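Tertiary structure, described
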Amino acid sequence: MSRVFLAPSKYVQGADTINSIGTYAEKLGSNALLIGGKTALSICGGTIQNCLQEKNILCHQELFNGECSDREISRLVDVGRDQGKNLIIAAGGGKAIDTGKSVAHEMKIPIVVVPTTAATDAPCSGEAVIYSDEGVFEREIVLARNPDCVLVDTAIIARAPAIFLVSGMGDALATFWEADTCVKSNKPNVLTGEFPPTLTAYALARLCYDILLEHGFLAKMAVEQNAVTPAVEAIVEANTLLSGLGFESGGLAAAHSIHNGFTVLKESSKTYHGQKVAFGTITQLVLEGRPAKELYEVLDFCLSVGLPVCMEDLHIANPNREDIKQVAEATTAEEETIHATWFPVTAVMVEDAIWTADTLGKEYKKKQMS
Ligand SMILES: [Zn+2]
């Protein structure tokens, strides 16, 4: 048994830190391909281009088409190769970042990641989630290395709609519970192949959870005013750095598989990754038979920041038995991380856990509101 801990080479976070991108980029390359969605490029494309220019780094902007799919990755690799690029800069949300990381991996060149939201833990990890061109989850790929630099400008993140920060908290919420399952089961981490998690990864996952409970609500209040406060800095660090390190080296379990399972339902595309992962976390705790006190703590947190606690909150209205059977079957596919659980998990067990978590969430919400 050997333990492994993965991390990006450099993590930089602060208000207006985007202005220092040239300093970090010039150590990594001289000819950059900047990949980003329309919103991301309009927010920071010009600033990045100017900062790189000051350091005599060439830069070409390429619009990301919206899906981290095999086709989009190879299109961007072709652009990069044609232009002799030796550095990728990926700006935007999880899918743009995963696409940029995959392009850098294919081209064997460094990458600077510039998240414009704190919605997922994609920025720090050495994995990418590949979807079909239609947005259905296909597979997770393990890249040769973690990003060379992750540059997080909290002023940009605070100006993004609050739903992104909240969704990121949903993704970060799963980190501790999934790592805890991996510690208990002592099975190889699907992502790293090693086990058990290092004490470091487990401690970071716990810290991530504690920060959410302590600062989550305050951070949400602040970003609703586009304000950067210490609570926002703490939550951005939890969502981006701690959750990223915690899930990758701590391991994934049921919460993310349940997320993947829900992507087979069309309605699930109306909600963000972290929103589905939050409900996946509640379902995981039910599935694992965790103490009620722990479930209530998670439910209270979700309600305080506005994360989903039932399927209705995920815009999955009136699901039928067949829908959830399909979700459960996708959740328990052979390659899914749900099998990291310390007991064998079947699709029927997942179905039962989903229906129970749904009722529990609905009833709990009603009780809290009355
Ligand atoms: Zn995630």
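Details of the structure are given in the entry above.
This write-up is about the structure you can find in this document. The shown structure was predicted, so the numbers you read here are calculated from the model rather than taken from an experiment.

Bringing helix 13 (residues 347-369) into the picture now. The periodicity of an α-helix, 3.6 residues per turn, causes residues three or four places apart in sequence to face the same way. With 23 residues, helix 13 extends 33 Å between its outermost C-alpha atoms, agreeing within 8% with the 33 Å of an ideal straight helix rising 1.5 Å per residue. Those residues of helix 13 that sit buried are Ala347, Val350, Glu351, Ala353, Ile354, Trp355, Ala357, Asp358, Gly361, Tyr364 and Lys365. Looking at the buried residues of helix 13, the elements they touch are helix 9 (254-262), helix 10 (273-287), helix 11 (292-305) and helix 12 (321-331).

Looking at chain direction, strand 2 (residues 31-36) and strand 3 (residues 58-63) are connected through 6 bridges and run parallel. Counted as the bridge partner of Gly36 is Leu63 from strand 3.

Bringing the pattern of salt bridges into the picture now. One pass over the full model with this rule turns up 18 salt bridges. Residues Asp180 and Arg290 are paired through a salt bridge, measuring 2.6 Å at the closest nitrogen-oxygen approach. With Asp180 in helix 6 (residues 162-185) and Arg290 in the loop between helix 10 and helix 11, this pair connects stretches of sequence that are 110 residues apart. By relative accessible area, which is 10% here, Arg290 ends up buried. Two residues, Lys362 and Asp358, come together in a salt bridge whose shortest N-O distance is 3.4 Å.

Taken residue by residue, a regular strand's side chains alternate between the two faces of the sheet. The buried fraction of strand 5 (residues 111-115) is high, at 5 of 5 residues. Because side chains alternate across strand 5, one face comprises the buried residues Ile111, Val113 and Pro115, and the other comprises Val112 and Val114, equally buried. In this sheet, strand 5 lies alongside strand 4 (residues 87-92) in parallel orientation, the contact comprising 5 bridges. In the sheet register, Ile88 faces strand 5, and the bridge partner there is Ile111. Note that the unit made of strand 4, helix 4 (residues 94-107) and strand 5 has a crossover that is right-handed. Examined bridge by bridge, strand 5 and strand 8 (residues 149-153) share 2 bridges and lie parallel to one another. Along strand 8, the bridge assignment pairs Val112 with Cys149.

Now for the sheet that holds strand 2. The sheet built from 6 strands is open, its strands ordered 1-8-5-4-2-3 with parallel pairing. Edge positions in the sheet fall to strand 1 (11-14) and strand 3, since each of these pairs with one other strand and no more. Neighbour-to-neighbour, the strand axes of the sheet open up by a mean angle of 15°, direction not taken into account. The strands that helix 3 (residues 70-82) touches are strand 2 and strand 3; relative to strand 3, the one it contacts most, it runs at about 155°. The sheet strands contacting helix 4 are strand 2, strand 4 and strand 5, and the helix crosses strand 4 at an angle near 170°.

Basis of the calculations
Residues numbered from 1 in each chain as written. Predicted model: local features only at pLDDT ≥ 70, side-chain atom pairs only at ≥ 80, totals over all residues. Heavy atoms only, no water. Helix = DSSP H or I, 4+ residues; strand = E, 2+ residues; numbered from the N terminus. Expected span 1.5 Å × (residues − 1). Buried < 20%, exposed > 50% of the residue type's maximum accessible area, 1.4 Å probe, protein only. Contact = heavy atoms within 4.5 Å. Pairing = 2+ DSSP bridges. Salt bridge = Lys/Arg side-chain N within 4 Å of Asp/Glu carboxyl O. Right-handed = clockwise from strand over helix to strand, strands pointing away. Axes fitted to C-alpha atoms, helices over the stretch in contact; angles between N-to-C directions.

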